[in-house]
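Spelled out from the first residue to the last, the chains are:
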Amino acid sequence: MAVNIQNVRLVMSAGFSEQFPKDQLPQIALSGRSNVGKSSLVNTLLGRKSFARVSGSPGKTITANFYEVDRSLYLVDLPGYGFAKRPDAEKEKWASLMEAYFRDNQNIKLVIQLIDLKVGPTKDDDMMLKWLCDARMPYIIAATKADKLNVTERKKNLDLLATDQMVLEDTHVIAFSALKGDGRDEVWKYILRAAQN
């Protein structure tokens, strides 16, 4: 399967489940805490600098953004979690939107779980990883901001992440850098493979 990444459009920024696209295109969901680099990952995958807006205020926007790629699949940028200053009402809205997105959604072919390689998995990341495991949702990990670490630190943190008690054995962990493009081709390989299944 090959896709033309020049043929991409933002179909919907959905704040309510009723707004989710109703077609049957495969969906690749991007999950992670606020400010982990989901929009930057989308931009890097698509070879654009600012196609997906990078929020200046982490946790401010609670929408699921559906990017249609070459009429073949959706990259779904899910709202970030774990932003402590978010009001309770907004946290409830986030939980409701996420539950609605994942519930009975047969079109999700893969979740790309983003974890900051320098910080490592947070408690919120561990909760999400446990949920993905319990739901038997196929996922890979994109270890973001890899460029912020030297070679020794990067290897050490990748090993720690791959052996984290909440990460399933044999989970693919990819060092990713939006700045340098590291990991881009490897992430695309898993996206295209999943979209074909």
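So, here is what we can say about the structure in this document. No experiment lies behind these values; they were computed from the predicted model shown.

## Focus: unusual backbone geometry
1) Next: With phi around 55°, Asp-104 is a residue other than glycine that occupies positive phi space.
2) Next: On the basis of relative accessibility, which here comes to 68%, the residue Asp-104 falls in the exposed class.
3) Next: Notably, Lys-145 is not glycine yet its phi reads approximately 60°, a positive angle.

## Focus on the packing of aromatic side chains
1) Next: All told, the structure shown has 8 aromatic pairs when counted by the stated rule.
2) Next: Taken together, a centroid distance of 5.6 Å and an interplanar angle of 55° make the contact between Phe-51 and Tyr-67 tilted. Here the residue Phe-51 occupies a position in the loop between helix H1 (38–46) and strand S3 (64–69), and Tyr-67 occupies one in strand S3, the gap between them amounting to 16 residues.
3) Next: When the ring of Tyr-101 is compared with that of Phe-102, the centres are 5.1 Å apart and the planes differ by 75°; the resulting orientation is edge-to-face. Like Phe-102, Tyr-101 is buried.
4) Next: In textbook terms, an aromatic cluster arises when at least three aromatic residues are bridged by ring pairs, as seen for Phe-20, Phe-66, Tyr-74, Tyr-101, Phe-102 and Trp-131.
5) Next: The side chain of Arg-48 reaches across the aromatic face of Phe-51, ending 5.1 Å from its centre.
6) Next: Against the face of Phe-16 rests Lys-93, its NZ or CZ located 5.1 Å from the ring centre.

## What to know about helix H3 (residues 123–134)
1) Next: Taking 1.5 Å per residue, 12 residues should reach 16 Å; H3 reaches 16 Å between its end C-alpha atoms and fits that length.
2) Next: When H3 is considered as a whole, its buried residues turn out to be Asp-125, Met-128, Leu-129 and Leu-132. Along the long axis of H3, the arc covered by the buried residues comes to 100°, so they all point the same way. Across H3 from its buried face, at more than 90 degrees, point the exposed residues Lys-123, Met-127 and Asp-134.
3) Next: Buried residues in H3 make contact with strand S2 (27–32), helix H2 (88–102), strand S5 (108–116) and strand S6 (139–144).
4) Next: One or two positions beyond H3, positive phi appears at Arg-136, with a value near 55°.

## Points about the sheet that holds S6
1) Next: A sheet is described by the order of its strands in space; here 7 strands give the open sequence S1-S3-S4-S2-S5-S6-S7, paired in mixed fashion. Two strands lie at the open edges of the sheet, namely strand S1 (8–14) and strand S7 (173–175), each paired on one side alone. Going from strand to strand, the sheet's axes swing by 25° on average, the running direction of each strand aside.
2) Next: Two strands pair when backbone bridges link them, and S6 and S7 are joined in this way by 3 bridges, in the parallel orientation. Within the sheet, the bridge partner assigned to Ile-141 lies in S7 and is Val-173.
3) Next: Across the face of the sheet, H2 comes into contact with S1, S2, S3, strand S4 (73–77) and S5 while running at roughly 140° to S5.

Criteria and thresholds
Residues numbered from 1 in each chain as written. Predicted model: local features only at pLDDT ≥ 70, side-chain atom pairs only at ≥ 80, totals over all residues. Heavy atoms only, no water. Buried < 20%, exposed > 50% of the residue type's maximum accessible area, 1.4 Å probe, protein only. Phe/Tyr/Trp six-rings, centres within 6.5 Å; stacked < 30°, edge-to-face > 60°. Helix = DSSP H or I, 4+ residues; strand = E, 2+ residues; numbered from the N terminus. Lys NZ or Arg CZ within 6 Å of the ring centre and 35° of its normal. Expected span 1.5 Å × (residues − 1). Arc of directions from axis to C-beta. Contact = heavy atoms within 4.5 Å. Pairing = 2+ DSSP bridges. Axes fitted to C-alpha atoms, helices over the stretch in contact; angles between N-to-C directions.

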